[in-house]
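# Structure assessment
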Amino acid sequence: MESKNTENNKDNKIREYRTDDLIVYWDAKSCSHIGNCWNILPQVFKPDEKPWITMEAATAEDIIKAVDKCPTDALKYELPEGSKVDPEMAKGPGWVDYKKDEVTSIKIKMARSGPYKVEGAAQVFDAEGNFLKQSNHIILCGCGKSGNRPFCDGSHARKE
Ligand code: SF4
Ligand code: FES
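In short, a report on the structure. For clarity, every value in this text was computed on a predicted model and none was experimentally measured. (Residues numbered from 1 in each chain as written. Chains lettered and ligands numbered in written order. Predicted model: local features only at pLDDT ≥ 70, side-chain atom pairs only at ≥ 80, totals over all residues. Heavy atoms only, no water.)

### As for the sheet that holds strand β6 (residues 116-125)
- A sheet is described by the order of its strands in space; here 3 strands give the open sequence β5-β6-β7, paired in antiparallel fashion. Where the open sheet ends on each side, the last strands, each with one partner, are β5 (107-110) and β7 (131-140). Here the strands of the sheet are splayed against their neighbours by 30 degrees on average, with no regard to which way each runs.
- Relative to β7, β6 is paired through 8 bridges, and the arrangement is antiparallel. Counterpart to Ala-122 in the pairing with β7 is Ser-135. (Pairing = 2+ DSSP bridges. Helix = DSSP H or I, 4+ residues; strand = E, 2+ residues; numbered from the N terminus. Axes fitted to C-alpha atoms, helices over the stretch in contact; angles between N-to-C directions.)

Structure follows, in structure tokens:
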């Protein structure tokens with residue numbers, strides 16, 4: 001299976017990793033570095049390597065299941081034309097066209113380590129009222145150390 005990635009393209013904020021069966025996108029700015037992905041598939045998601053995603057190290061189906069567990073919108077997937085993956089199993093929360101049913105209330109859960117996980121459709125604005133993001137998967141910084149505030153960038157877990 002041939003694969004390619006655009007990790008070295010510095011102009012690309014959203015990086016792309018592709019095989020004949022699956023395309024994975026990664027938006028570094030949205031990543032909280034909490035690591036659900038590498039806990040589920042450590043052979044695929046290797047944060048200390050370049051490229052950090054090795055698409056050949058697991059089946060497309062297993063990668064889809066891992067991406068569905070990403071708590072932010074950092075990881076997304078879609079099927080390229082001709083993919084052998086069953087399209088029905090590729091419509092989870094990580095699918096690029098996934099739309100959650102509209103919810104009337106959102107939950108905000110505080111983690112002991114610092115971040116706040118926002119569950120449900122939410123919009124985030126900056127102090128001047130400028131729109132920042134709308135998503136069903138948002139993790140806000142509660143520790144004050146993030147370089148991407150108000151979003152968590154994993155700084156709470158880094159050793160000084
Ligand atoms: S936010 Fe998503 S991409 Fe980033 S580390 Fe967590 S699971 Fe992986
Ligand atoms: S809570 Fe994660 S960087 Fe602040």
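### A short note on the side chain of Lys-76
- One can find Lys-76 in strand β4 (residues 75-78).
- The buried category is assigned to Lys-76, whose relative accessible area is 18%.
- One polar contact links Lys-76 to Asp-73, side chain to side chain, over a distance of 3.4 Å.
- Those residues in contact with Lys-76 that sit more than four places away from it in its chain are Ile-23, Val-24, Tyr-25, Val-67, Pro-93, Gly-94, Trp-95 and Val-96. (Buried < 20%, exposed > 50% of the residue type's maximum accessible area, 1.4 Å probe, protein only. Polar contact = N/O pair within 3.5 Å; in protein donor to acceptor, adjacent residues only side chain to side chain. Contact = heavy atoms within 4.5 Å.)

### Things to note about empty space enclosed by the protein
- In the structure shown here, the tally under the stated rule is 2 cavities of 30 Å³ or more.
- When its volume is computed, the largest cavity comes out at roughly 110 Å³.
- Among the elements that make up the lining of the largest cavity, the one with the highest residue count is helix α1 (residues 36-40) (3 residues).
- Its residues assigned to classes, the lining of the largest cavity shows 10 nonpolar, 5 polar and no charged. (1 Å grid on protein atoms, 1.4 Å probe; cavity = no way out; pocket = protein on both sides within 12 Å on 5 of 7 lines; lining within 4 Å. Points joined across faces, edges and corners; volume = space filled by probe spheres on them. Nonpolar A, V, L, I, M, F, W, Y, C, P; charged D, E, K, R; others polar.)

### Notes on the site of ligand 1
- The immediate surroundings of ligand 1 are formed by 14 residues, with Cys-31, Gly-35, Cys-37, Cys-70 and Thr-72 found nearest.
- For the shell around ligand 1, the leading source of residues is α1, giving 3 residues.
- Of the residues assigned to the shell around ligand 1, the class counts are 9 nonpolar, 5 polar and no charged. (Near = heavy atom within 4 Å.)

### Here's the deal with the packing of aromatic side chains
- The final tally for this structure, using the stated rule, is 4 aromatic pairs.
- Seen in terms of ring centroids, Phe-125 and Phe-131 are 5.7 Å apart; in terms of plane orientation they differ by 70 degrees. Their pairing is edge-to-face.
- Overall, Phe-131 belongs to the partly exposed group, its relative accessible area being 46%.
- Members of the aromatic cluster, each reached through a chain of ring pairs, are Trp-26, Trp-38, Phe-45 and Trp-52.
- Over the face of the ring belonging to Phe-151 we find Lys-133, whose NZ or CZ atom lies 5.3 Å from the ring centre. (Phe/Tyr/Trp six-rings, centres within 6.5 Å; stacked < 30°, edge-to-face > 60°. Lys NZ or Arg CZ within 6 Å of the ring centre and 35° of its normal.)

### Comments concerning the pattern of salt bridges
- As enumerated under the stated definition, the model contains 8 salt bridges in all.
- Across the salt bridge formed by Arg-18 and Glu-16, the nearest N and O atoms sit 2.9 Å from each other.
- With a relative accessible area of 28%, Arg-18 lands in the partly exposed category.
- Residue classification places Glu-16 among the buried positions, given a relative accessible area of 19%.
- Beyond isolated ion pairs, a larger network of salt bridges with shared partners links Lys-109, Lys-117 and Glu-119. (Salt bridge = Lys/Arg side-chain N within 4 Å of Asp/Glu carboxyl O.)

This is a description of form; function is not addressed.
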